[in-house]
Amino acid sequence: MIPLYGFLEGDTIGLLVLGRPEDTAADLCDKLQAAAAVRVAPLRNPVVVYRGDPVPAHQTVATLGIGALERFDVVEGRLR
Amino acid sequence: MERSDRHGGFALARELDWTFSYVDEDQVFPPEIAGRPWLTGEAWAGWEEPYKTSYGEYVRKQRDKDVAVAAVREAVGGAEAYTRTGTAPEWLSGLKLHAATLPLAEFAATVGNLRGARFGRTSDWRTMSLFGALDEFRHTQIPLCLMHDLVRWDRQFDWTWRFYHSNNWVAIAARHCFDELLLGTDAIEFAIATHFVLETGFTNLQFVGLAAMAHGAGDKMFEKMVTSIQTDEARHAQIGPAVLRTVVAHDRAYAQFLVDKWFWRSWQLFAVVTGFAMDYFTPLAARVQSFKEFMQEWVLDQFQASLAEYGLKVPWYWDTFRESLDYYHHMVYASAYTYRATVWFDFVLPGPEERAWLAQKYPQSWPSLDPVWGRITQRWQEADPGNDFAVHGTAIPTFCSLCQLVLCSGTPRHNAAVFVERNDERLVFCSEPCRWIFEKQPERYQSHKDLVKRVLAGEAPANLVAMLRRYFGLEYPEWGKDALGGVYPFIERVSPRAKGA
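Read on for an overview of the structure. Because the structure is predicted, anything quoted here is derived from the model rather than measured. (Residues numbered from 1 in each chain as written. Chains lettered and ligands numbered in written order. Predicted model: local features only at pLDDT ≥ 70, side-chain atom pairs only at ≥ 80, totals over all residues.)

**A short note on the overall build of chain A**
Item 1. From N to C terminus, chain A includes two helices and five strands.
Item 2. Going from N to C terminus, chain A has its helices and strands arranged as β-β-α-β-β-α-β.
Item 3. At 11 Å, chain A has a C-alpha radius of gyration in line with the 12 Å of a compact globule built from 80 residues.
Item 4. Along the first, second and third principal axes, the C-alpha atoms of chain A reach 30 × 25 × 20 Å.
Item 5. Going through the 80 residues of chain A one by one, you find that 48% of them count as buried.
Item 6. Nonlocal contacts in chain A, meaning residues at least 24 apart in sequence, comprise 64% of its contacts between residues at least 6 apart. (Helix = DSSP H or I, 4+ residues; strand = E, 2+ residues; numbered from the N terminus. Rg over C-alpha atoms; globule rule 2.2 N^0.38 Å. Buried ≥ 20, exposed ≤ 12 C-beta atoms within 10 Å, placed from the backbone. Contact = placed C-beta atoms within 7 Å.)

**Here we look at the interface of chain A and chain B**
Reports often express the size of an interface as the amount of accessible area lost when the parts come together.
Item 1. Across the contact, 18 residues belong to chain A and 28 residues belong to chain B.
Item 2. Broken down by element, the side of chain A that touches chain B gets its largest block of residues, three residues, from strand β1 (residues 2-8) of chain A.
Item 3. Taken together, the residues that form the side of chain A that touches chain B break down as 11 nonpolar, three polar and four charged. (Nonpolar A, V, L, I, M, F, W, Y, C, P; charged D, E, K, R; others polar.)

**A closer look at the environment of Asp 64 of chain B**
All names here are of chain B.
Item 1. Relative to the helices and strands, Asp 64 is located in helix α5 (residues 55-76).
Item 2. Take Asp 64: there are 9 C-beta atoms within 10 Å of it, and that puts it in the exposed class.
Item 3. Taking C-alpha positions, Asp 64 is 26 Å from Gly 116, a pair spaced 52 residues apart along the chain.

**What about the sheet that holds strand β4 (residues 53-55) of chain A?**
Where strands meet in a sheet, backbone hydrogen bonds hold them as pairs that are either parallel or antiparallel.
Residues and elements named next belong to chain A.
Item 1. Judged by pairing direction, the sheet is mixed, and its five strands sit side by side in the order β2-β1-β5-β3-β4 without closing on themselves. The two strands at the open ends of the sheet, each matched to only one other strand, are β2 (15-19) and β4. Between one strand axis and the next, the sheet turns through 40° on average, direction left out of account.
Item 2. Where β1 lies against strand β5 (residues 71-76), four bridges are found, and the strand directions are parallel. Looking at the pairing, Tyr 5 lines up with Arg 71 of β5.
Item 3. Sheet contacts for helix α1 (residues 25-35): β1, β2, β3 (46-50), β4 and β5; angle to β2, the most-contacted strand, approximately 140°. (Pairing = 2+ DSSP bridges. Axes fitted to C-alpha atoms, helices over the stretch in contact; angles between N-to-C directions.)

**Concerning the nonpolar core**
Item 1. Counting residues in each nonpolar core, the largest one holds 168 residues, and the members touching the most others are Leu 32 of chain A together with Ile 192, Cys 400, Leu 407, Ala 417, Phe 429 and Cys 430 of chain B.
Item 2. In this structure Leu 32 of chain A touches Gly 6, Leu 8, Leu 15, Val 17 and Val 74 of chain A, once residues within four positions along its chain are discounted. (Core = buried A, V, L, I, M, F, W, Y, C linked by C-beta atoms within 7 Å.)

**What about the environment of Asp 232 of chain B?**
Residues and elements named next belong to chain B.
Item 1. Tracing the chain through its elements places Asp 232 in helix α13 (residues 220-236).
Item 2. The class of Asp 232 is buried, set by 24 C-beta atoms lying within 10 Å.
Item 3. Taking the C-alpha atoms as reference points, Asp 232 and Phe 107, separated by 125 residues in sequence, lie 14 Å from one another.
Item 4. In this structure, Asp 232 is in contact with Asp 135, Arg 138 and His 139, ignoring residues within four places of it in sequence.

Given below as structure tokens:
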């Protein structure tokens with residue numbers, strides 16, 4: 001498991017998300033939105049942003065090279 | 001003032017400094033603990049605080065104040081004061097928050113003041129610091145005494161004493177700040193950071209505001225306690241400007257650094273404790289102004305005027321600070337509400353009237369914060385009354401490598417957390433000012449693990465309930481809940497089961 005810092009647009013706090021190398025960006029979206037569900041309703045078109053850029057939903061943690069304790073954001077896609 | 005004190009060689013005794021003959025001055029006042037810039041005694045000769053007092057005057061005034069506090073305790077103290085008057089549950093939460101964070105921090109301030117009483121560079125500074133130490137010991141004892149009366153009635157008040165002895169996340173953050181501020185600084189940094197920034201800039205005025213709020217909420221005991229403490233603070237805080245004046249004259253850049261560093265560190269804890277109290281824990285009918293309005297009226301204007309008086313600038317992050325007035329304590333409160341079992345006091349859900357008030361007071365930020373409360377309210381509509389964990393977070397929150405508080409800076413649209421690689425370690429800071437403070441003095445901070453790092457190192461459990469019980473020291477009767485069990489007149493349950501049928 002890879003501990004990651006996740007920040008969901010609309011939320012008030014960053015959360016620790018445990019990812020796997022084979023998790024896709026879509027999986028990270030689901031995990032972070034589930035973790036923040038008590039405060040934030042699901043986004044309509046969530047997109048993962050890593051190192052300032054949106055990443056395709058099918059890309060995995062391994063292929064993106066996301067390391068332990070790195071930051072990713074999940075934002076509403078229509079804003080981009 | 002009693003004339004006999006002032007006729008008995010008061011001025012001579014107040015400024016009785018020795019010329020050392022068989023040791024050097026820097027052996028008596030080593031720079032490591034007396035502070036820098038290290039200056040000869042002559043450089044400090046103009047040290048002057050306006051609030052002069054003699055020991056005799058001090059003892060008599062303090063006795064009178066203690067008698068007054070004891071009389072209020074006798075008349076309106078104890079649990080009856082709160083049960084009889086039907087005190088709002090949110091006010092009690094604010095009381096528990098202040099009661100826990102105040103007294104043992106004041107005890108640490110006793111130690112800091114004693115450092116000034118020994119290593120302050122003039123005899124009048126040392127004398128004032130000795131009075132300050134006595135003040136802070138009094139500020140330790142009064143809340144411990146008053147809140148002890150309430151422990152049998154409500155176990156959460158036991159955290160008045162237990163808080164700083166625990167590994168609760170708020171305690172870790174408060175210790176990180178106050179241990180450095182009150183126990184780990186030299187006499188000069190202590191005087192500027194504690195007396196000038198924290199006390200003159202924040203807490204002295206905070207106590208005035210809290211007393212007004214307590215009056216509005218009908219809490220005479222708390223009102224008397226903070227009023228009594230504030231009068232001490234107003235006196236010993238005068239040490240700060242007197243020290244700052246000399247430091248600015250000899251090393252303006254260092255004075256500016258200390259102000260910039262400690263204003264930010266003080267602000268964050270202040271925002272959590274007092275921001276919660278003013279905007280959420282004071283019943284709506286008793287609120288006289290918002291936390292932001294209080295900050296603008298009492299802190300910003302006066303602090304900026306004080307800085308200008310000494311030729312200093314506002315801290316470099318002033319725009320970030322001003323933006324955080326609209327967001328920071330709101331983001332921490334919403335987050336903490338959904339992690340309320342991790343603390344020792346209960347929370348209230350802001351209803352339509354409170355949210356309308358907040359929208360009016362915070363027109364810039366509330367539109368992005370209100371949806372969070374809409375979502376939490378919806379979760380309660382779908383949950384059984386009293387089922388706190390149906391409306392509670394389970395993921396591990398994240399913490400700043402400097403302040404140890406949760407990563408709640410910035411806005412809901414963009415969290416301001418900053419990531420830095422340092423010596424093969426990944427650090428995260430809630431904000432640019434926290435990163436800047438860490439990188440200015442990494443040797444002070446780099447060995448401290450935040451809560452996430454403790455979990456990952458196996459030093460703290462990852463399971464939430466295990467963390468609450470084994471690491472934070474909270475048991476079910478004590479840990480925070482929704483004060484009304486999610487039963488509010490404005491919540492319409494959506495299913496028969498959730499209605500409690």
